[in-house]
Number of protein chains: 2
Amino acid sequence: MNRRSVSIQDIAEAAGVSHSTVSRALHDSDLIRPEVRQRIQQIAHEMGYTPNAVAQSLKGQRTNTIGLVITSIADPFAGRVVRGIEEIAQANRISLLLSVSYNDPELEMEIIETFHRRRVDGVISATAQIRGPYVERLAQIKMPTVLINQQAESEADRLHSVDADDYAGARQAVEHLLELGHRKIGYLGVGNRVQSNRRRFAGYCDTLSSAGIAVDAQWVRIAPTVNNPRADDVLDGQAMLPELLPTGVTAVFCYNDQIAVGVLMACRELGLRVPEHLSVVGYDDVDLASYVTPPLTTIHQPKLRLGAIAMQMLLDILEGKAVQSRILPNELVVRASTAPPAGQ
Amino acid sequence: MNRRSVSIQDIAEAAGVSHSTVSRALHDSDLIRPEVRQRIQQIAHEMGYTPNAVAQSLKGQRTNTIGLVITSIADPFAGRVVRGIEEIAQANRISLLLSVSYNDPELEMEIIETFHRRRVDGVISATAQIRGPYVERLAQIKMPTVLINQQAESEADRLHSVDADDYAGARQAVEHLLELGHRKIGYLGVGNRVQSNRRRFAGYCDTLSSAGIAVDAQWVRIAPTVNNPRADDVLDGQAMLPELLPTGVTAVFCYNDQIAVGVLMACRELGLRVPEHLSVVGYDDVDLASYVTPPLTTIHQPKLRLGAIAMQMLLDILEGKAVQSRILPNELVVRASTAPPAGQ
DNA sequence: CTCTATACTGCACACGTGTGCATGGGTCAT
DNA sequence: ATGACCCATGCACACGTGTGCAGTATAGAG
């Protein structure tokens, strides 16, 4: 069983030269006589030689690999972000090491350690939140890191980030509902993505306050935190809506599109019509949002750009360029799930 | 700038022993005196040592990394499969190198070469089709490979696969429609996933034939093949349906759920009611299928299991066990998009 | 013909880890 | 006291690649 693949040493023997010569020849070095160079390349090709990236990584400093942590592959938001990352990575011949954390802090630490062991050049993290020991460890091992949608308060200099503006997005959503004439507006959030939920909720509260509306605690529901990876936002949304109805809200702003879809399904069960009886606004603008009935009014996040910019930022860091964290704007997309309240 | 991280050599100097002793101590070798062993482990911990997996990979034969090729991250089917793979991989401390091929044969070859350069232990391919040079190269470099949903006709011994039974699934879908009383049943397929489309189409044709129904070529539409990565099945479905209507079909069997969703949207535009005016059956049973209105009757594919089994199969191959390709059953899920035809 | 400059190639080491073999020192029995 | 034996450790090489430096051969110049 000839399991071992051909090395430059093998080529060297076949060509009657030293492995150094082969190495240089394959790199088109001027040091090697053109005819020899060509002959060696010919032999290498015939022997089906493929350079061993592991050895190259050991020798050089770069592995041309970056680690990617996301919370779930099933999450369509993450999917689009990863795609943005992947496109830039591929163009720069960088390989992607993918890991999924399911929002588990322990698992997250373990993933970082694995990335470190593998000596990735950098890490992009699109997880829900950065925690103390996590940040500390990242700083200790000096691993270049870019965070997506975490709006870390620049705790450490090493941490760069690219975010979409949750707060402003939430404000747009609620302002849209206010403009339609709604006064009693509910909020359905999630408990396991603390930071982003807090920002969107803050945008919701502040916008209502600005309009002179006191937020009623009964209008707000946050899905309980569960570590169950099978946790499903749609089901949560579906379960939470009925609790909200007795309060008389005429519109609901949801943490994301999945929650909003859950609301749609609950409405269908209850015989409520959207948007006639209830207006619904989602967040993210995933594909799903435009496929459901009625198509969701939502806040569009530039998912591909978030990923692409994060990847480019990481590349810049690796080249020693100075980079600056960025915040991208979100954008309201009005579809058919919102309308003036029934009374008007 | 102390960019280099600590090595066992550094620990050896700090402990006043040789690097061999450190290596053995960290592996809890009996050869090292317990007190020395413990002291070395202590020092290693204090210095923040993390073993260099690159060097370990170079020395040993395994990299504990596998390459994963999929056609698109946005594809919800692929997402679930990847998740099944990831769970098993994580449990076995295997890292995943993710690449996306966008159905581009050239890109696919390039990805395989990259995986080979990186000396991954094996490859799982969930791309649309295996082509000649691709197979040839895989055989040449003897890289253990498991294919998902490609039903390769065991062209090479090295190629193993795990599939869901497309043909039987398609038969179930069409039989369901026949039982409801439909006689004129359309098929909407895709052009860029040749193999699976062919199998599902064959199931469609044979089932109709068995029922004594001659398939009318007008009932069938295949979305044109485009290399545009932005190609979107939903849009294709939406575009194809109107061409089908003049033929008087009362039901449509779609290649996958996205096509079916496109059909739903087209019906909405045209004022057709589903299932009263038209019955629609999808394929895959992605999350989306149960969220649209009406929820789709579809063929459920065991996506997580496909991924998990593929990964386990690859692990078995790596351990030298004999493995056998498998075909899993699909299963009809009846929801609300199918009903007896209008006439009845 | 001899000296020098130049073009080309090999030697040897490095990257970080793992391991067979030899070696050193100690213990024990004769 | 001496030999046999065992335990703990170090030496040296290996994995595959890249590169500074030294060395050789050839050509060109005087």
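First, a word on what this report is: a plain description of the structure on this page. (Residues numbered from 1 in each chain as written. Chains lettered and ligands numbered in written order. Predicted model: local features only at pLDDT ≥ 70, side-chain atom pairs only at ≥ 80, totals over all residues. Heavy atoms only, no water.)

## Some remarks on the relation of the copies chain B and chain A
Under the fitted operation, chain B is carried onto chain A by 0.0 Å of movement along the axis and a turn of 180°, and the coordinates agree to an RMSD of 0.1 Å. Taken together, these values place the two copies in the relation of a two-fold axis. Most of the interface of chain B is mirrored in chain A, where 100% of its interface residues are also at the interface. (Least-squares fit on C-alpha atoms with pLDDT ≥ 70 in both. Contact = heavy atoms within 4.5 Å.)

## Re the sheet that holds strand 9 (residues 279-281) of chain B
Residues and elements named next belong to chain B. Strand order in this open sheet of four strands is 7-6-8-9, and the pairing throughout is parallel. Each end of this open sheet is capped by a strand with a single partner; those strands are strand 7 (220-223) and strand 9. Between one strand axis and the next, the sheet turns through 15° on average, direction left out of account. Both strand 6 (residues 185-190) and strand 7 contribute to a ladder of four bridges, which runs parallel. Note that in strand 7 the partner of Gly189 across the bridge is Ile222. Against the sheet, helix 9 (residues 194-210) contacts strand 6, strand 7 and strand 8 (251-254), and its axis sits at roughly 170° relative to strand 6. (Pairing = 2+ DSSP bridges. Helix = DSSP H or I, 4+ residues; strand = E, 2+ residues; numbered from the N terminus. Axes fitted to C-alpha atoms, helices over the stretch in contact; angles between N-to-C directions.)

## Digging into the interface of chain B and chain A
Listed by partner, the interface residues are 61 residues for chain B and 61 residues for chain A. For the chain B and chain A pair, buried surface summed over both sides reaches about 5300 Å², with 51% attributable to carbon and sulfur atoms. The largest per-residue losses of area from chain B upon contact with chain A belong to Arg83, Arg118 and Tyr291 of chain B, which jointly make up 13% of the total buried on that side. Between Arg93 of chain A and Glu110 of chain B there is a salt bridge whose closest N-O contact spans 3.6 Å. For the pair chain B and chain A, the interface holds 24 residue pairs in polar contact (both at pLDDT 80 or more). (Buried area = accessible area lost by both parts, 1.4 Å probe. Salt bridge = Lys/Arg side-chain N within 4 Å of Asp/Glu carboxyl O. Polar contact = N/O pair within 3.5 Å; in protein donor to acceptor, adjacent residues only side chain to side chain.)

## Remarks on the nonpolar core
Counting 178 residues, the largest nonpolar core has Ile124 and Tyr204 of chain A together with Ile124 and Tyr204 of chain B as the members making the most contacts within it. Residues within four places of Ile124 of chain B in sequence aside, it is in contact with Ile66, Gly67, Leu68, Val69, Ile85, Val146, Ile148, Ala310, Met311 and Leu314 of chain B. (Core = buried A, V, L, I, M, F, W, Y, C linked by side-chain atoms within 4.5 Å. Buried < 20%, exposed > 50% of the residue type's maximum accessible area, 1.4 Å probe, protein only.)

## Here's the deal with the protein's contact with DNA strand D
Among the 27 residues in the neighbourhood of DNA strand D, the closest are listed as Ile8, His27 and Tyr49 of chain A together with Thr21 and Arg24 of chain B. The protein-proximal atoms of DNA strand D, defined as those within 4 Å of the protein, are 60% sugar or phosphate. Ser18 of chain B places a main-chain nitrogen or oxygen 3.1 Å from a phosphate oxygen of DNA strand D. At a separation of 3.0 Å, a base nitrogen of DNA strand D approaches a polar side-chain atom of Lys59 of chain B. Residue assignment for the surface near DNA strand D shows that the elements contributing at least two residues are helix 2 (19-26) and helix 4 (53-59) of chain A together with helix 2 (19-26) and helix 4 (53-59) of chain B. The residue inventory of the surface near DNA strand D, partitioned by class, reads nine nonpolar, 11 polar and seven charged. (Near = heavy atom within 4 Å. Nonpolar A, V, L, I, M, F, W, Y, C, P; charged D, E, K, R; others polar.)

## Quick notes on the protein's contact with DNA strand C
Close to DNA strand C lie 27 residues, the nearest being Thr21 and Arg24 of chain A together with Ile8, His27 and Tyr49 of chain B. Sugar and phosphate atoms form 59% of the subset of DNA strand C atoms that lie within 4 Å of the protein. Ser18 of chain A has a polar backbone atom sitting 3.0 Å from a phosphate oxygen of DNA strand C. Within the contact set of DNA strand C, a phosphate oxygen lies 2.5 Å away from a side-chain nitrogen or oxygen of Tyr49 of chain B.

## Here's the deal with the pairing of strand 4 (residues 145-148) of chain A
One face of the sheet, then the other: side chains in a regular strand alternate in exactly this way. All names here are of chain A. Burial along strand 4 is two-sided: the face carrying Thr145 and Leu147 and the face carrying Val146 and Ile148 are both buried. Across three bridges, strand 3 (residues 122-126) lies against strand 4 in parallel orientation. Its bridge partner being in strand 4, Ser125 is matched across the sheet by Leu147. Judged from the four bridges that link them, strand 4 and strand 5 (residues 159-164) form a sheet pairing that is parallel. Residue pairing for strand 5: Val146 is matched across the bridge by His160.

## A short note on the pattern of salt bridges
Summed over the entire model, instances satisfying the criterion amount to 25 salt bridges over all chains. A salt bridge links Arg33 of chain A to Glu35 of chain A; the shortest N-O distance between them is 3.2 Å. The pair formed by Arg33 of chain A and Glu35 of chain A is uniform in burial state, with each residue classed as exposed. One salt bridge in this structure joins Arg199 of chain B and Asp166 of chain B, with 2.9 Å as the shortest N-O distance. Within this pair, whereas Arg199 of chain B is found in helix 9, its partner Asp166 of chain B is found in helix 8 (residues 166-179), the two being separated by 33 residues in sequence. As far as the burial class goes, Arg199 of chain B and Asp166 of chain B line up, both buried. One salt-bridge network, in which partners are shared between bridges, spans Asp166, Arg199 and Arg200 of chain A.

## Quick word on the environment of Ser337 of chain A
Residue and element names in this part refer to chain A. As for its placement among the helices and strands, Ser337 is situated in the segment after strand 12 (331-333). In the structure, Ser337 is positioned 59 residues away from Leu278 in sequence and 8.3 Å away in space, judged by C-alpha atoms. Side-chain polar atoms of Ser337 contact the backbone nitrogen of Thr297, separated by 2.8 Å.

## Observations concerning the sheet that holds strand 8 (residues 251-254) of chain A
Backbone-to-backbone hydrogen bonds join strands into a sheet, with any given pair of strands oriented parallel or antiparallel. Residues and elements named next belong to chain A. What the four strands build is an open sheet, ordered 7-6-8-9; its pairing is parallel. The open sheet is flanked by strand 7 (220-223) and strand 9 (279-281), the only strands paired with a single partner. Strand-to-strand twist in this sheet, taken as the mean axis angle between neighbours without regard to direction, amounts to 15°. Here helix 8 (residues 166-180) sits on the sheet and contacts strand 6 (185-190), strand 8 and strand 9; the angle it forms with strand 8, its principal contact strand, is near 170°.

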